[in-house]
There are 2 protein chains.
Amino acid sequence: MIDLIQQHIQNKDMGSIKSILSAAEEMEILFAFNDLTAEEQVIVFRLLTKNQALLIFEELDTDLQHNLLRSFTDERAIELVNELAPDDRVRLLDELPAGVAKKLIAALSPEERAMTNVLMGYKAETAGRIMTTEFISLTKNMTVTQASEKVRKQAEGKETIYTLFVTDTAKKLEGVLTLKELFLADPNATIEEVMTKHTIYVTTDTDQEEVAKTLQELDLLAIPVVDMEARLVGIVTIDDAIDILVEEATEDIYDQAGLADVTDNESGRSEVLIHGNLWKIWKVRLPYLLATLALGMLSGLVIDGFEETLEAVIGVAVFIPVIMGMGGNIGTQSSTVFTRGVVLGHIQLKNFFRHFLKEIGIGLSIGVLVGVLAGTVATVWLNMPMLGLAVGIAMVFTMTIAALLGFLVPYILIKLNADQAAGSAPIITTLKDLVALIIYFVCVSLLLGHML
Amino acid sequence: MIDLIQQHIQNKDMGSIKSILSAAEEMEILFAFNDLTAEEQVIVFRLLTKNQALLIFEELDTDLQHNLLRSFTDERAIELVNELAPDDRVRLLDELPAGVAKKLIAALSPEERAMTNVLMGYKAETAGRIMTTEFISLTKNMTVTQASEKVRKQAEGKETIYTLFVTDTAKKLEGVLTLKELFLADPNATIEEVMTKHTIYVTTDTDQEEVAKTLQELDLLAIPVVDMEARLVGIVTIDDAIDILVEEATEDIYDQAGLADVTDNESGRSEVLIHGNLWKIWKVRLPYLLATLALGMLSGLVIDGFEETLEAVIGVAVFIPVIMGMGGNIGTQSSTVFTRGVVLGHIQLKNFFRHFLKEIGIGLSIGVLVGVLAGTVATVWLNMPMLGLAVGIAMVFTMTIAALLGFLVPYILIKLNADQAAGSAPIITTLKDLVALIIYFVCVSLLLGHML
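On a predicted model such as this, the values are computed, not experimentally measured, just so you know. (Residues numbered from 1 in each chain as written. Chains lettered and ligands numbered in written order. Predicted model: local features only at pLDDT ≥ 70, side-chain atom pairs only at ≥ 80, totals over all residues. Heavy atoms only, no water.)

1. Some words on the overall build of chain A
Here comes step 1: Check the secondary structure of chain A and you find 23 helices and six strands.
Here comes step 2: The C-alpha radius of gyration of chain A comes to 30 Å, more than 25% above the 22 Å expected for a compact globule of 452 residues.
Here comes step 3: In terms of principal-axis extent, the alpha carbons of chain A reach across some 95 × 60 × 35 Å.
Here comes step 4: Within chain A, the proportion of its 452 residues that are buried is 55%.
Here comes step 5: Contacts in chain A between residues at least 24 apart in sequence constitute 64% of all its contacts with a sequence separation of at least 6.
Here comes step 6: Element-wise, carbon and sulfur atoms account for 57% of the exposed surface of chain A, whose accessible area totals about 18,800 Å². (Helix = DSSP H or I, 4+ residues; strand = E, 2+ residues; numbered from the N terminus. Rg over C-alpha atoms; globule rule 2.2 N^0.38 Å. Buried < 20%, exposed > 50% of the residue type's maximum accessible area, 1.4 Å probe, protein only. Contact = heavy atoms within 4.5 Å. Areas by Shrake-Rupley, 256 points an atom, 1.4 Å probe, with all protein chains shown as cover.)

Below, the structure is given as structure tokens:
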């Protein structure tokens, strides 16, 4: 289909595209749509029926939505945004320039605007912000037949009907049941008899990552969101949870690579890094590089301080890069093991000390192995046993300390409530470089002192 | 609940635990269970009713399942494994030691064994391996009422009833419909009238990551898996897709940090890195460290080769670490931007050249900025303008080349069908270190030649 469409676009044969699209299922179009260029998407989108257009629009990433919106007239844009599900709309509005978002919100229908504003009132990256308010709620005293009837009537436009929520007259959450349970239940039973009473729920201020993890761990299709008074105010569905989990993992990867999160929203960083202009890319990439440049100069200071040693035994310089490099490599391993361990729940912070001791042991054992190898090479290569010994000892200490820092620095940053992954890398690198150089030069001074 | 249980365990008051557990909902137990230690889990698990035990067991990670299985008698283990859903069972058997797995498979009921063996025949990390064979299939000529009746009868024990599959007499996939569509349809309509005909499906040999991404992108709850003859043989559900996506992201993070995947299954690496014994941890962490040690010695060779230069101008050594370090930092950024861009679909390989040119431009622009800063510092610090110039020029070249390599190396590895992330780091590091040192020393030789 996609080849055909692209061919017709080149030939400007819009009639043929229109007939292909009107015969296609939404899924097919969506599949093809993702592979088109931004310009082709705008052309194809205009040729969709109104209904198709809304369905496709809802499924697109916010950056693609934004691209399409820009190509529309104001009325068309407002019409589309008005028909989006509230949570999808909030996500889109969040990422649009403030002026555009304001204009669009003002133009929404009163009910849609009210719903959007309620959602926008919650803090970013919380359950309140990502939830949808379009769910079906039942009451305890309904019969299964009555409930089925209500579900049938209200199904249209709801995000999911597979998880149903039971509330009292004050909208307090009393239980959940799945459509499967409803479908299989005795038609004359009451909802109270078939529902699950002790419901897992989150509150509007629960962090979105925690919400997503709960859905993942418990294999739920939707989770209820309650406000401070335990009233049911929305639900978060599994499709949003997946996007969040993938986004959060991507965030961690970027943080680890020293890419600053200046965009203040998740999908933003990938987008900026690849399609942004030079200025925006600089804002993401430069902070870490400038920080490491300034801190890296400190290692120059250490070398400068040991200039005499270096002058006396010029071979010392040969092993500076490999000692610093190996410290960096094991430090990256350690901090990755620690931060992923915490994210995946394999490491509990209350057991930090136990994991920390083990990591020091691992660093020491690897350090000894690598130190013996490096020391042997140094001895044989330059035919200087004392330099070999200094290289070996420096390697053991550097790798042990780097492993230790790989656990300790992110732990302290977590305890200080800072963004652990983002700050760890430059701190670990700098500390281990300084320690490595100082230990190395001190070893050289002590062991090769007679040559100075 | 968890504090209470842990207290009772300490007091060896099993009766109280049993009564807490029998009153609790499965969800609550599962929630608490994850926070218990391995020993506590074994104790609590034995106190669960048979039904509770199965439900909890199904939801646990394979490493926790394995831990529990080891603590059981053979009969109890066989009984549990026999009642697991086929795909969960395959995943567990996959990770057990071969001897244990074989014994368990032999002890399965004939039907369960057949199903397990079919699944085990597919290659690891393919749709065939992760699919469940427990789905509901309908035929086109059924009425909605007849179909609903069939769903009701077969719902028990099926992984999902929310996506229903329509097949012909040869089991060829003809369409899908959701329970929502069935629930809302006219009872007298035929399935052919209400089903979606053009179905998105995967084949048994589709890579599991692609399966998961398709479910994510299209917001599906389940996707059909067909064999080479287009017969429906299984389905993959959204809960498995989430686990796969999180696992794959974790894999990428580990690869990037130089942690080798020697365990040959995904959940394994996190587990081994934190709970494994020293020998197993060494197998994951040492390969990269030994490779970078050997390759890192090459940079020593370069320094050794320029010993005369170094001896003449000892200040040269001061800036070796910062030049190599900055190259490493921007190289990590670039390779992360590239590999994540490919994974998330922001970078299409066919447009590689365009992205590559842009990245070189970014590397150059950042290199010039950092080079000017570093060169100025070097000039002022050591009061040697020519050394400052050499540092600046070396910095520009090093950072540009490191950025270039960050895109080029993983691209070539992908094209060679190698594991791009795992191999990139040591190759990029080594190349950029060698190039950085050579450029730096050549600049120094040229600009400070009069001092030699």
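2. Comments concerning the packing of helix α18 (residues 278–305) of chain A against helix α20 (residues 320–344) of chain B
The geometry of a pair of packed helices is captured by two quantities: the angle between their axes and the separation between those axes.
Here comes step 1: The geometry of α18 of chain A relative to α20 of chain B is characterised by a closest axis approach of 8 Å and an angle of 155 degrees between their N-to-C directions. Judged on the interaxial angle alone, α20 of chain B and α18 of chain A are roughly antiparallel. Viewed along their axes, α18 of chain A and α20 of chain B form a crossing whose handedness is right-handed. The segment α18 of chain A lies against α20 of chain B, with Arg285, Tyr288, Leu289, Thr292, Leu293, Gly296, Met297, Ser299 and Ile303 of chain A engaging Pro321, Val322, Met326, Asn329, Ile330, Gln333, Ser334 and Val337 of chain B.
Here comes step 2: Partitioning the contact of α18 of chain A with α20 of chain B into residue classes produces ten nonpolar, six polar and one charged. (Axes fitted to C-alpha atoms, helices over the stretch in contact; angles between N-to-C directions. Parallel < 35°, antiparallel > 145°, perpendicular 65-115°, else oblique. Left-handed = near helix turned anticlockwise from the far one by under 90°. Nonpolar A, V, L, I, M, F, W, Y, C, P; charged D, E, K, R; others polar.)

3. Some details on helix α6 (residues 62–70) of chain B
Here comes step 1: Among the nine residues in α6 of chain B, eight count as buried, and that is most of the element.
Here comes step 2: Buried residues of α6 of chain B: Thr62, Asp63, Leu64, Gln65, His66, Asn67, Leu68 and Leu69 of chain B, and no others.

4. Considerations on the relation of the copies chain A and chain B
Here comes step 1: Mapping chain A onto chain B calls for a rotation angle of 180 degrees and an axial translation of 0.0 Å; the resulting RMSD is 0.2 Å. These values place the two chain copies in the arrangement generated by a two-fold rotation axis.
Here comes step 2: When the interface residues of chain A are mapped onto chain B, 100% of them again lie at the interface, so the same face is used by both copies. (Least-squares fit on C-alpha atoms with pLDDT ≥ 70 in both.)

5. Here's the deal with a nonpolar patch on the surface
Residue and element names in this part refer to chain B.
Here comes step 1: Side chains of Met386, Leu389, Ile393 and Phe397 sit close together on the surface and give an oily, nonpolar patch of about 330 Å² of accessible area.
Here comes step 2: Tracing the chain through its elements places Met386 in helix α22 (residues 385–415).
Here comes step 3: In this structure Met386 comes out as partly exposed when scored by relative accessible area, which is 36%. (Patch = residues over 30% accessible without salt bridge, like charges linked within 9 Å, V, L, I, M, F, W, Y side chains within 5 Å. Salt bridge = Lys/Arg side-chain N within 4 Å of Asp/Glu carboxyl O.)

6. Let's talk about the side chain of Ser148 of chain A
Here comes step 1: With respect to the secondary-structure elements, Ser148 of chain A resides in helix α12 (residues 144–154).
Here comes step 2: The class of Ser148 of chain A is buried, set by a relative accessible area of 12%.
Here comes step 3: Beyond its immediate chain neighbours, meaning those up to four positions away, Ser148 of chain A contacts Leu182 of chain A together with Phe183 of chain B.

7. Structural notes on unusual backbone geometry
Residue and element names in this part refer to chain A.
Here comes step 1: Of note in this structure, Lys171 is not a glycine but carries a positive phi near 70 degrees.
Here comes step 2: Looking at the element boundaries, Lys171 is found in the loop between β2 (163–167) and β3 (173–178).
Here comes step 3: Since its relative accessible area comes to 54%, Lys171 is described here as exposed.
Here comes step 4: For Asp219, which is not glycine, the phi dihedral falls at a positive 50 degrees.
Here comes step 5: Position of Asp219 relative to the elements: it lies in the loop between α15 (208–217) and β5 (222–226).
Here comes step 6: Owing to a relative accessible area of 32%, Asp219 belongs among the partly exposed residues under this scheme.

8. Quick notes on the interface of chain A and chain B
Here comes step 1: Across the contact, 109 residues belong to chain A and 110 residues belong to chain B.
Here comes step 2: Summed over both partners, the interface of chain A with chain B comes to about 10,100 Å²; 71% of that surface belongs to carbon and sulfur atoms.
Here comes step 3: Ranking the residues of chain A by area buried against chain B places Phe183, Arg285 and Gln333 of chain A at the top, with a combined share of 8%.
Here comes step 4: Run the count over chain A and chain B and you get two salt bridges.
Here comes step 5: The partner of Glu359 of chain B in a salt bridge is Arg285 of chain A, with the nearest N and O atoms 2.8 Å apart.
Here comes step 6: Inspection of the chain A/chain B interface yields 30 residue pairs in polar contact (both at pLDDT 80 or more).
Here comes step 7: Looking at the side of chain A that touches chain B, the element that brings in the most residues is α18 of chain A, giving 17 residues.
Here comes step 8: Broken down by class, the residue content of the side of chain A that touches chain B amounts to 61 nonpolar, 26 polar and 22 charged. (Buried area = accessible area lost by both parts, 1.4 Å probe. Polar contact = N/O pair within 3.5 Å; in protein donor to acceptor, adjacent residues only side chain to side chain.)

9. Side note on the packing of α20 of chain B against α22 of chain B
Residue and element names in this part refer to chain B.
Here comes step 1: One way to put it is that α20 packs onto α22 with a least axis distance of 8 Å and a crossing angle of 30 degrees. On the basis of the axis angle, α20 is roughly parallel to α22. Here the hand of the crossing between α20 and α22 comes out right-handed. Residue-level inspection shows Val322, Ile323, Met326, Gly327, Ile330, Gly331, Ser334, Ser335, Val337, Phe338, Thr339 and Val342 of α20 in contact with α22, the latter providing Val391, Ala394, Met395, Thr398, Met399, Ala402, Ala403, Gly406, Phe407, Pro410, Tyr411 and Ile414.
Here comes step 2: Counted by class, the contact of α20 with α22 contains 17 nonpolar, seven polar and no charged residues.

10. Some points on the sheet that holds strand β3 (residues 173–178) of chain B
All names here are of chain B.
Here comes step 1: Spatially, three strands are ordered β1-β2-β3 in an open sheet, and the strand pairing comes out mixed. At either margin of the open sheet sits one strand with a lone partner, and together these are β1 (137–138) and β3.
Here comes step 2: Examined bridge by bridge, β1 and strand β2 (residues 163–167) share two bridges and lie parallel to one another. Within the sheet, the bridge partner assigned to Ser137 lies in β2 and is Phe165. (Pairing = 2+ DSSP bridges.)

11. Considering the pairing of β3 of chain B
Residue and element names in this part refer to chain B.
Here comes step 1: Here β2 runs beside β3; their pairing, made up of five bridges, is antiparallel. By the bridge assignment, Leu164 is partnered in β3 with Leu177.
Here comes step 2: Connecting the antiparallel pair β2 and β3 is a turn made up of five residues, with Lys171 showing a positive phi of about 70 degrees.

12. Quick look at the sheet that holds strand β6 (residues 232–237) of chain B
Hydrogen bonds between backbone atoms are what pair the strands of a sheet, whose relative direction is either parallel or antiparallel.
All names here are of chain B.
Here comes step 1: Strands sit in the order β4-β5-β6 across an open sheet of three strands; the sheet is mixed. Edge strands, defined here as strands with exactly one partner in the open sheet, are β4 (202–203) and β6.
Here comes step 2: Where helix α15 (residues 208–217) meets the sheet, its contacts fall on β4, β5 (222–226) and β6, and the angle it forms with β5 comes to roughly 140 degrees.

13. Considerations on the packing of aromatic side chains
Here comes step 1: Within this structure, the stated rule accounts for 18 aromatic pairs over all chains.
Here comes step 2: Arranged with centres 5.6 Å apart and planes meeting at 80 degrees, the rings of Phe319 of chain B and Trp381 of chain B form a pair that is edge-to-face. Remark: Trp381 of chain B occurs in helix α21 (residues 352–382) and Phe319 of chain B occurs in the loop between α19 (307–312) and α20; sequence separation between them is 62 residues.
Here comes step 3: Overall, the relative accessible area of 0% leaves Phe319 of chain B in the buried class.
Here comes step 4: Among the aromatic side chains, those forming a connected cluster through ring pairs are Phe338, Phe352, Phe356, Phe407 and Tyr411 of chain A.
Here comes step 5: Its end group placed over the ring of Phe183 of chain B, Arg152 of chain A keeps NZ or CZ at 4.4 Å from the ring centre. (Phe/Tyr/Trp six-rings, centres within 6.5 Å; stacked < 30°, edge-to-face > 60°. Lys NZ or Arg CZ within 6 Å of the ring centre and 35° of its normal.)

14. Here's the deal with the pattern of salt bridges
Here comes step 1: In this structure the tally under the stated criterion is 18 salt bridges over all chains.
Here comes step 2: In this structure, Asp252 of chain A and Arg340 of chain A form a salt bridge, with 2.9 Å as the shortest nitrogen-oxygen distance. Taken together, the residues span a long stretch of sequence, with Asp252 of chain A in helix α16 (residues 238–256) and Arg340 of chain A in helix α20 (residues 320–343) at a distance of 88 residues.
Here comes step 3: Owing to a relative accessible area of 18%, Asp252 of chain A belongs among the buried residues under this scheme.
Here comes step 4: With relative accessibility at 5%, the residue Arg340 of chain A sits in the buried group.
Here comes step 5: Measuring nitrogen to oxygen at the nearest pair gives 3.0 Å for the salt bridge that ties Glu229 of chain B to Arg231 of chain B.

15. Topic: the nonpolar core
Here comes step 1: Of all hydrophobic cores here, the largest spans 152 residues; its most connected members are Phe45 and Leu179 of chain A together with Phe45 and Leu179 of chain B.
Here comes step 2: If sequence neighbours within four positions are ignored, Leu179 of chain A has contacts with Val151, Ile161, Tyr162 and Leu164 of chain A together with Tyr162, Leu179 and Phe183 of chain B.
Here comes step 3: By size, the runner-up hydrophobic cluster in this structure holds 93 residues, among which are Ile439 and Cys443 of chain A together with Val322 and Leu437 of chain B. (Core = buried A, V, L, I, M, F, W, Y, C linked by side-chain atoms within 4.5 Å.)

16. Considerations on the environment of Thr400 of chain A
Residue and element names in this part refer to chain A.
Here comes step 1: With respect to the helices and strands, Thr400 occurs in helix α22 (residues 385–415).
Here comes step 2: Spatially, the C-alpha atom of Thr400 lies 8.6 Å from that of Ile330, the residues being 70 residues apart in sequence.
Here comes step 3: Dropping the residues within four chain positions of it, Thr400 is found in contact with Ile360, Gly363 and Leu364.

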